[in-house]
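Letter by letter, the chains look like this.
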Amino acid sequence: MIRRFLTGALVTGGSLVAATAAFAQDAAPAAAEAAAAVPNPGNNAWMMISTVLVLMMILPGLALFYGGLTRSKNMLSTMTQIGAAACLAMLIWVMWGYGMAFGPEGNAFISWGKFFLAGVTSDSTAATFSDEVISEYVFISFQMTFAAITAALVLGATVERIKFSAVMVFTAIWLTIVYFPIAHMVWAGGGLFFEMGALDFAGGTVVHINAGVSALVAAMMLGKRKGYPAEPMPPHSLTLTMVGTGLLWVGWFGFNAGSELEADGTAGLAMINTFVATASAALFWMLTERAVLHKGSTLGFCSGVIAGLVAVTPAAGNVGVFGAIVLGAVASVICFFAVSKLKPMFGYDDALDAFGIHGVGGIIGAIGTGILHDPLFGGPGDGSVGIGAQTLVQVQAVGMTIVWAAIGTVIALTIAKLVTGLRVSPEVEYDGLDIGEHGERAYN
Amino acid sequence: MKYIIAVIKPFKLDEVREALSAIGIAGMTVSEVKGFGRQKGQTEIYRGAEYSTNMLPKVKIEVATSDALAPQVVETIEQVARTEAIGDGKIFVLDLASATRIRTGETGDTAL
């Protein structure tokens with residue numbers, strides 16, 4: 001859906017420029033054209049709500065979800081890294097991020113223009129998928145929250161050992177060389193994946209595969225936590241993880257149903273899919289645990305919820321309701337094996353399973369979207385692109401995202417290492433990053 | 001026999017344990033303790049207000065050993081636990097009057 005929108009966005013951008021030029025010469029027709037571009041308050045209101053719902057996913061959602069999974073001595077550090085990285089992403093977004101992803105000029109990889117929001121006013125509009133428009137400030141804010149949460153997601157792999165200063169340097173560089181180009185490639189008219197016809201409703205490629213792969217690379221470059229995997233490192237508060245899970249699920253409706261950019265029927269489809277895919281995934285994770293002779297666990301429930309949400313993200317408005325249920329179940333089972341078998345087999349320390357759930361779930365979701373989009377499986381596609389052809393496009397987009405994210409992360413982390421040293425001292429790691437990096441404790 | 005008490009930085013515990021095992025120490029008692037020396041605690045900051053904690057977390061290791069091995073134990077702990085930063089800790093050596101293994105009733109060096 002977003003890809004349909006972005007062609008529109010560029011056309012509107014162009015027509016606004018044309019309209020302004022025409023205005024000077026011939027006031028009457030230009031005024032008529034400009035009058036058409038008034039945001040529908042209903043759509044605008046939904047997008048403003050969606051935007052703050054995504055903020056709720058970051059703080060408190062992701063902060064509590066990730067924080068509860070760490071050891072108590074690293075609770076504050078984990079939450080602070082997420083909050084601060086998100087704040088940095090917001091500032092960078094209005095300075096050069098929006099221009100690099102959705103600027104008026106551009107090629108297949110990157111755009112430019114509108115840096116520091118040049119030329120954007122309260123009257124500026126961004127197109128949606130129909131003749132309607134929404135306020136450009138609202139669109140900028142909505143997309144800003146995507147950049148912020150993606151940067152924060154990566155940190156799930158590096159918590160409990162990375163320096164706070166390294167997080168900030170890494171975030172700034174990573175957003176610039178990885179996130180903004182990929183967001184442009186997937187969602188902007190003229191972008192590489194966009195022109196290939198890749199489907200990504202709400203960010204399966206841009207957010208989850210991107211963050212997941214970057215997390216895996218970062219975990220390997222940073223090295224294992226001291227004591228991993230010999231000493232047990234259980235989550236210190238599954239209660240808070242459950243609270244975070246709930247907040248993420250609620251916020252995700254802004255993420256998915258908001259990505260339609262209008263409060264219409266497709267947004268409704270994205271909404272119901274976000275319910276059922278998640279429900280299916282939560283139960284299937286617990287069933288899988290039960291089947292491999294464990295008990296169905298709270299952490300399994302929470303992990304399943306996130307796996308389902310991740311998998312349905314690219315698919316939200318692109319598959320039917322029962323396709324979403326299947327997608328959630330499949331992604332959940334595969335993610336379970338990724339975190340419980342794949343991770344120990346290869347021995348990387350993806351501390352909070354950012355790769356195992358977001359990376360793997362995102363890949364399943366993106367490829368599954370290619371299959372389930374077809375009307376044969378109850379999807380909203382018109383059948384004009386064959387299942388095989390669409391799936392091939394999805395696989396290509398996934399493959400290129402993986403390569404781009406991996407190389408970009410190596411560069412960003414290498415620079416962060418040169419500037420900050422990357423990893424805390426063994427003493428700080430033992431005592432906990434809360435006291436060592438921030439001088440305070442989560443619990444007294 | 002000697003009874004050696006060492007107070008060290010907590011993150012050095014694993015290394016010290018491995019080093020002592022390597023020189024033939026078969027057992028030790030470890031406690032998490034709090035205390036202060038010249039370091040005089042540390043500062044925590046909440047909303048700009050500083051709080052200093054007088055007591056710092058440390059680990060206390062207690063090892064009973066033969067007279068022959070005692071100097072080597074002290075030297076090992078000293079080397080391994082040293083970071084050259086303030087707060088590395090102290091080692092105390094006491095004379096040990098007797099030792100008894102409860103299970104067998106053995107006494108002296110054989111009980112260690």
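Residues numbered from 1 in each chain as written. Chains lettered and ligands numbered in written order. Predicted model: local features only at pLDDT ≥ 70, side-chain atom pairs only at ≥ 80, totals over all residues. Heavy atoms only, no water.

Undergrad: Give a detailed account of the interface of chain A and chain B, specifying residues and quantitative values.
TA: Contacts between chain A and chain B engage nine residues on the former and seven residues on the latter. Both sides together, the interface formed by chain A and chain B hides about 870 Å², and carbon and sulfur atoms give 46% of it. Of all residues in chain A, Glu427, Tyr430 and Arg441 of chain A give up the largest surface area on contact with chain B, accounting jointly for 48% of the area buried on that side. Linking chain A with chain B are one salt bridge. With its nearest N and O atoms 3.3 Å apart, the salt bridge here joins Lys9 of chain B to Glu427 of chain A. The tally of links between chain A and chain B comes to one residue pair in polar contact (both at pLDDT 80 or more). Among the elements that take part in the side of chain A that touches chain B, helix 15 (residues 426-431) of chain A stands out by supplying three residues, more than any other. Taken together, the residues of the side of chain A that touches chain B sort by class into three nonpolar, two polar and four charged. (Contact = heavy atoms within 4.5 Å. Buried area = accessible area lost by both parts, 1.4 Å probe. Salt bridge = Lys/Arg side-chain N within 4 Å of Asp/Glu carboxyl O. Polar contact = N/O pair within 3.5 Å; in protein donor to acceptor, adjacent residues only side chain to side chain. Helix = DSSP H or I, 4+ residues; strand = E, 2+ residues; numbered from the N terminus. Nonpolar A, V, L, I, M, F, W, Y, C, P; charged D, E, K, R; others polar.)

Undergrad: Can you tell me about the environment of Thr369 of chain A, naming the residues and giving the values?
TA: Turning to its location among the elements, Thr369 of chain A is positioned in helix 13 (residues 354-372). In contact with Thr369 of chain A, other than residues within four places in its own chain, are Leu199, Pro314, Ala315, Asn318, Val319 and Gln394 of chain A.

Undergrad: A description of the pairing of strand 1 (residues 2-8) of chain B should follow, citing residues and the corresponding values.
TA: All names here are of chain B. Bridge analysis of strand 1 against strand 5 (residues 56-65) gives seven bridges, and the strand direction is antiparallel. Across the sheet, Ile4 pairs through a bridge with Val63, a residue of strand 5. The pairing of strand 1 with strand 6 (residues 89-95) spans seven bridges and is classified as antiparallel. For Lys2, the partnering residue across the bridge sits in strand 6 and is Asp95. (Pairing = 2+ DSSP bridges.)

Undergrad: Run through the nonpolar core, naming residues and quoting values.
TA: If you look at the biggest cluster of nonpolar residues, it comprises 116 residues, and the most contacted ones within it are Leu62, Trp93, Trp174, Leu175 and Tyr179 of chain A. Among the elements that line this core, the one with the most residues is helix 6 (residues 164-187) of chain A, at 14 residues. With residues near it in sequence (within four places) discarded, Tyr179 of chain A still touches Trp93, Phe146, Ala147, Thr150, Trp174, Trp187, Val206 and Asn210 of chain A. Counting residues in hydrophobic clusters, the runner-up holds 17 residues, among them Ile4, Ile25, Val63 and Ala81 of chain B. (Core = buried A, V, L, I, M, F, W, Y, C linked by side-chain atoms within 4.5 Å. Buried < 20%, exposed > 50% of the residue type's maximum accessible area, 1.4 Å probe, protein only.)

Undergrad: Requested: an account of the sheet that holds strand 1 of chain B, with residues and values cited.
TA: All names here are of chain B. Pairing is antiparallel in the open sheet, where four strands are placed in the order 2-5-1-6. Lying at the two open borders of the sheet, with one neighbouring strand each, are strand 2 (29-35) and strand 6. This sheet shows a mean twist of 20 degrees between the axes of neighbouring strands, independent of strand direction. Along the sheet, helix 1 (residues 13-22) contacts strand 1, strand 2 and strand 5; its crossing angle with strand 5, the most-contacted strand, is approximately 10 degrees. Contacts between helix 2 (residues 70-80) and the sheet are confined to strand 1, strand 5 and strand 6, with strand 1 contributing the most and set at about 5 degrees to the helix. (Axes fitted to C-alpha atoms, helices over the stretch in contact; angles between N-to-C directions.)

Undergrad: Tell me about the environment of Glu32 of chain B, and please be specific about residues and values.
TA: You can see Glu32 of chain B is positioned in strand 2. In this structure the C-alpha to C-alpha distance between Glu32 of chain B and Val74 of chain B, which are 42 residues apart in sequence, comes to 20 Å.

Undergrad: Give a description of the packing of aromatic side chains that names residues and reports values.
TA: By convention here, two paired aromatic rings are described through the distance between centres and the angle between planes. Residues and elements named next belong to chain A. Under the definition given, this model contains 19 aromatic pairs over all chains. The interplanar angle of 70 degrees and the centroid separation of 5.3 Å between the aromatic rings of Phe102 and Phe139 together place this pair among those described as edge-to-face. Of this pair, Phe102 sits in helix 4 (residues 75-102) while Phe139 sits in helix 5 (residues 136-154), and the two are 37 residues apart along the sequence. Phe139 carries the same exposure label as Phe102, and that label is buried. Ring centres 5.7 Å apart and planes at 85 degrees place the aromatic pair Trp285 and Phe336 in the edge-to-face group. Of this pair, Trp285 sits in helix 10 (residues 265-291) while Phe336 sits in helix 12 (residues 321-346); the two residues are 51 residues apart in sequence, bridging distant segments of the chain. The exposure classification of Trp285 matches that of Phe336, with both residues buried. Taken together, the aromatic side chains of Trp93, Tyr98, Phe102, Phe139, Phe170, Trp174, Tyr179 and Phe180 make up a single cluster linked through ring pairs. Positioned above the aromatic ring of Tyr430 is the side chain of Lys73, whose terminal nitrogen or guanidinium carbon lies 5.3 Å from the ring centre. (Phe/Tyr/Trp six-rings, centres within 6.5 Å; stacked < 30°, edge-to-face > 60°. Lys NZ or Arg CZ within 6 Å of the ring centre and 35° of its normal.)

Undergrad: Hey, could you go over the packing of helix 9 (residues 238-258) of chain A against helix 11 (residues 298-312) of chain A for me, with residue numbers and the actual values?
TA: All names here are of chain A. One can describe the packing of helix 9 onto helix 11 by two numbers: an axis separation of 10 Å at closest approach and a directional angle of 15 degrees. Here helix 9 lies roughly parallel to helix 11, going by the angle between them. Classified by chirality, the crossing of helix 11 by helix 9 is left-handed. Every residue of helix 11 that contacts helix 9 at Leu238, Thr241, Met242, Thr245, Leu248, Trp249, Trp252 and Asn256 is listed here: Thr298, Leu299, Phe301, Cys302, Val305, Ile306, Leu309, Val310 and Val312. Of the residues that constitute the contact of helix 9 with helix 11, the class distribution is 13 nonpolar, four polar and no charged. (Parallel < 35°, antiparallel > 145°, perpendicular 65-115°, else oblique. Left-handed = near helix turned anticlockwise from the far one by under 90°.)

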